[in-house]
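For reference, the chains in residue letters:
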Amino acid sequence: MSLFLLLLLAAAQFGQSSTGELHLLVTDSSGLPVQSRVELVSEANQVREALETGPEGTLVARRLPFGKYRVEVSRTGFATFSGLVDIRSTLPTEYTVTLGVAPIQTEVTVSADETILDGRRSSTVSRIGPETIQHRLSALPGRSLPDLVNTQPGWLLEANGILHPRGSEYQVQYVIDGLPITDNRSPSFAPEVEADDVHAMSILTAGYPAEYGRKLGGVIEVVTAGEARRGLHSSIVASGGSFGTASGYGTTQYGWRRATLGVSANISGTDRYLDPPVEENFTNHGSGSQLSAHFEQGLGDADRFGAIVRHGRADFLVPNERVQEDAGQRQDRNSHETSAQFSYQHIFSSSVLGDLRALVRDLSAGLSSNELSTPIVALQDRGLRETYVKGTVSARHGVHEWKGGFDLDAGTIRESFAYAITDPDRFAPETPSSLSFNDRAHDREQALFVQDQIRLDAWTINAGVRWDHYRLLVEEHAVSPRVGVAWNWAAADLVVRASYDRAFQTPAIENLLLASSPELDTLGDSVVRLPVRPSLGNFIDVGVSKRLGRLRLDVTQFARRMTQFADDDVLLNTGVSFPIAFDRAHIHGTEVKVDVPRWGAVSGSLSYANMTGVGYLPITGGLLIGEDVEESLESTDRFPISQDQHHTIRGRVSYQVLPRAWVALGGAYGSGLPVEAEGNLDEAIAQYGARIVSRVDIEAGRVRPSFSLDASAGIVVVQQETRRLRLQADVLNLTNRLNVINFAGLFSGTALAPPRGFAVRAQFDF
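Residues numbered from 1 in each chain as written. Predicted model: local features only at pLDDT ≥ 70, side-chain atom pairs only at ≥ 80, totals over all residues. Heavy atoms only, no water.

## Quick look at the overall build of the protein
At step 1: If you tally the helices and strands in the protein, you get eight helices and 42 strands.
At step 2: Counting the 766 residues in the protein, one finds 56% classified as buried.
At step 3: Look at the contacts in the protein between residues 6 or more apart in sequence, and 69% of them connect residues 24 or more apart.
At step 4: Of the accessible surface of the protein, which amounts to about 30700 Å², a share of 58% is contributed by carbon and sulfur atoms. (Helix = DSSP H or I, 4+ residues; strand = E, 2+ residues; numbered from the N terminus. Buried < 20%, exposed > 50% of the residue type's maximum accessible area, 1.4 Å probe, protein only. Contact = heavy atoms within 4.5 Å. Areas by Shrake-Rupley, 256 points an atom, 1.4 Å probe, with all protein chains shown as cover.)

Structure representation (structure tokens):
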């Protein structure tokens, strides 16, 4: 039945909820079509595309993030046209350009600088375009996307590439080519989507549309398909660098008038896959691979379908501490994922559009330990099989842009776990020497939503409501209203915005069955299992955006109040994590960012984030084991949440030395995360080393501040009409500073950031 459903729903437009398309017609003064060159530019969205109309004078530009675009149309013998167009709807935007004979100018020329500020944006969103992705700093395998997201204010990349938006733990939602993925996508949990396979990204931390739910700490919209071009086009990327790191990526695409077929693949390996607990970087090799294919087909002017199929895997070791290395421990982990997604789009009229999408995927993760592992030998095999269906209808009427729909998510979760104790001194005498667990459960989730965008002169109002129903180990439902408002003072190049989001966030699925199993009661008398319930949150966000010449300044103040605040607990040094929940958390902060899209030869950005996060006991969900269980259940103490970094600064500036060569310098500063260390200083030095312990302020309960300085240089060696060869070299952590990410944390252990390293990357497009 699942296969039949997928074939029935064969799909199409792989955009996001906040993308539209432009239907352009170019004619001469007599109304005859003109084949011409078209440039689309939106500095706010980091979009700069050079396209061509067909002989019939038409062009369809898809997957354009909402915003203001400069459209420049040129053809020999005609005056160049330059105008502005607003893309605000998932419905196609029709735009007609009439070219006059040179030197007659039919329109006033507009500058790309006029697209720096989006006057109708009520959400807090950052756009990352193709150029930024292409010029990004080299990343270790599994981290190319998280590293890009981490350049934006409000995001914190903790140990092992795990992203935390505005203090949230495991509440990140990826929307990949229009379909949501809500499980953990860090390199230690799932195969990556390689950044070279990504065309553009939109990153939201407030002002969520009602169609998004389940995980709302932050939403990362990813578009892997670029604008289709006719003929055969290919690209090959190869890179290598420190820590024995090497990777290769290749893609090829063939475009017809109404169809596109593309295939891409990547493979990578490194000797520093995770963030190790000690400087020696023991047992830290990892490798990954992915293969994907996508197909799109237009059926006339009103229908479109397509499909994307992906398979990825990652195999890596768990880094040892010194005691484990001396004992000869080896722990192997792996993850595999196969997915197929489909959609079908139909334009009923110029004001009504229907969209139907589906996703099926199979995700698995495993852990194995050798007999020398200490203090336990752990084994795990868990997986998720998921089917997701989403249908929407969009309609435009007057000042209203309506969208309503439903989604259904049905999954089967399986978990197998076993351990055998090898060091009894680390456990209570009554702890069983071994345990074996095996279970599965069905996850059923449904949602209905409706939203409206209202444009009234300088005002833009986005309002919506969502209903969610969740049934796994507990059953709950909730109604979540959302509203966002933007006011554009055009004369002052100023936008004021505010939003409120009600969030209903479902628990993480990783080892949820194990943490809830009665079989764990055999571990001792001090075992308490509490159901992990969905988290409820109220998110308030207020901001100002101001254009200052060729710069854009964004200032945002936010506050989040959550009950059943989600966190996780890691089992020793295995990487096996269990979901837990605290009574509530209060998080607030300020974010400031200055963007310089292009100012002569200079471009770049600088951001500052100030955040304070406070959690409140008691623990209200999850697995509790130990002598302090009663205290955890009865205490009303407050504590800094594990992502409570008060000050974060990031910046990067690029200078175009020559038309084909550029250099860049970037840096990052973090004031340090909380420390939950127990035991005396001598024991910590023996376990981790004196240099690592010196990077921790035990009395203040904080890791000492971190700082990293990075440099890049790139050059286009070959630039022809159909061929281009580009080289880039990076040096990371120039000062070779020892940066500690986490130290002896109850929930996160100890992790070190990489020392100084280098990387080179070559890209050949043809």
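## With respect to a nonpolar patch on the surface
At step 1: Together, Trp599, Val602, Val653, Tyr655, Val657, Leu658, Val663, Leu665 and Leu734 line one region of the surface with nonpolar side chains, adding up to about 770 Å² of accessible area.
At step 2: Listing elements by their share of the nonpolar patch, those giving two or more residues are strand E34 (647–658) and strand E35 (661–670).
At step 3: The element best represented in the nonpolar patch is E34, accounting for four residues. (Patch = residues over 30% accessible without salt bridge, like charges linked within 9 Å, V, L, I, M, F, W, Y side chains within 5 Å. Salt bridge = Lys/Arg side-chain N within 4 Å of Asp/Glu carboxyl O.)

## Quick word on the sheet that holds strand E8 (residues 124–128)
In a beta sheet, neighbouring strands pair by backbone hydrogen bonds and run either parallel or antiparallel.
At step 1: Strand order in the open sheet formed by five strands is E8-E13-E14-E11-E12, with mixed pairing between adjacent strands. Looking at the sheet topology across the chains shown, the edges are occupied by E8 and strand E12 (179–181). Across the sheet, the axes of successive neighbouring strands diverge by a mean angle of 20 degrees, strand direction being ignored.
At step 2: Note: strand E11 (residues 172–176) against E12, three bridges, orientation antiparallel. Looking across to E12, one finds that Val175 is bridged to Pro180. (Pairing = 2+ DSSP bridges. Axes fitted to C-alpha atoms, helices over the stretch in contact; angles between N-to-C directions.)

## Section: the pairing of strand E1 (residues 19–28)
At step 1: Burial within E1 is extensive, with nine of its 10 residues counted as buried.
At step 2: Note: E1 against strand E4 (residues 58–65), six bridges, orientation antiparallel. Each residue of the ladder has a partner; that of Leu22, found in E4, is Ala61.
At step 3: As paired elements, E1 and strand E7 (residues 93–99) share seven bridges and run parallel to each other. Following the sheet pairing, Leu24 is matched in E7 by Tyr95.

## Thoughts on the side chain of Asn160
At step 1: Within the secondary structure, Asn160 is located in the loop between strand E9 (155–157) and strand E10 (163–165).
At step 2: On the basis of relative accessibility, which here comes to 19%, the residue Asn160 falls in the buried class.
At step 3: If we ignore the near neighbours within four places in the chain, the residues touching Asn160 are Arg143, Ser186, Pro187, Ser188, Leu274 and Asp275.

## Things to note about the side chain of Arg63
At step 1: Here Arg63 lies in strand E4.
At step 2: Residue classification places Arg63 among the buried positions, given a relative accessible area of 7%.
At step 3: In this structure the side chain of Arg63 is engaged in a polar contact, spanning 3.4 Å, whose partner is the side chain of Glu296. (Polar contact = N/O pair within 3.5 Å; in protein donor to acceptor, adjacent residues only side chain to side chain.)

## Thoughts on a negative patch on the surface
At step 1: Negative charge collects at one region of the surface, where Glu430, Asp525, Glu627, Asp628, Glu631 and Asp637 lie side by side.
At step 2: Looking at the element boundaries, Glu631 is found in helix H6 (residues 629–634). (Lys, Arg positive; Asp, Glu negative; His and termini not counted. Charge placed at Lys NZ, Arg CZ, Asp CG, Glu CD.)

## Section: empty space enclosed by the protein
At step 1: Taken as a whole, the largest cavity spans an internal volume of roughly 520 Å³.
At step 2: For the lining of the largest cavity, the secondary structure elements donating two or more residues are E8, strand E23 (400–421), strand E24 (434–456), strand E25 (459–471) and strand E26 (475–489). (1 Å grid on protein atoms, 1.4 Å probe; cavity = no way out; pocket = protein on both sides within 12 Å on 5 of 7 lines; lining within 4 Å. Points joined across faces, edges and corners; volume = space filled by probe spheres on them.)

## Points about the packing of aromatic side chains
At step 1: Taken as a whole, this structure holds 11 aromatic pairs when the rule is applied.
At step 2: An aromatic cluster is present here, built from Trp459, Trp487 and Trp489 joined pairwise through their rings.
At step 3: Above the face of the Phe189 ring, Arg333 is positioned so that its terminal group lies 5.8 Å from the ring centre.
At step 4: One Lys or Arg, Arg584, reaches over the ring of Tyr616 and ends 4.0 Å from the middle of that ring. (Phe/Tyr/Trp six-rings, centres within 6.5 Å; stacked < 30°, edge-to-face > 60°. Lys NZ or Arg CZ within 6 Å of the ring centre and 35° of its normal.)

## Observations concerning the nonpolar core
At step 1: Core analysis: the largest hydrophobic core is formed by 29 residues, its most contacted members being Ile413, Phe417, Tyr419, Tyr470, Leu472, Leu514 and Leu520.
At step 2: Not counting chain neighbours up to four residues away, the residues in contact with Tyr470 comprise Asp443, Arg444, Glu445, Glu475, Glu476, Phe504, Thr506, Pro507, Leu512 and Pro534.
At step 3: The next biggest cluster of nonpolar side chains, apart from the first, holds 23 residues, and it includes Val175, Val219, Phe539 and Val629. (Core = buried A, V, L, I, M, F, W, Y, C linked by side-chain atoms within 4.5 Å.)

## What to know about the sheet that holds E7
At step 1: If you trace the three strands from one edge of the open sheet to the other, you get E4-E1-E7, paired in mixed fashion. One side of each edge strand has no neighbouring strand; the edge strands of this open sheet are E4 and E7. The mean angle between the axes of side-by-side strands here comes to 25 degrees, regardless of whether they run parallel or antiparallel.

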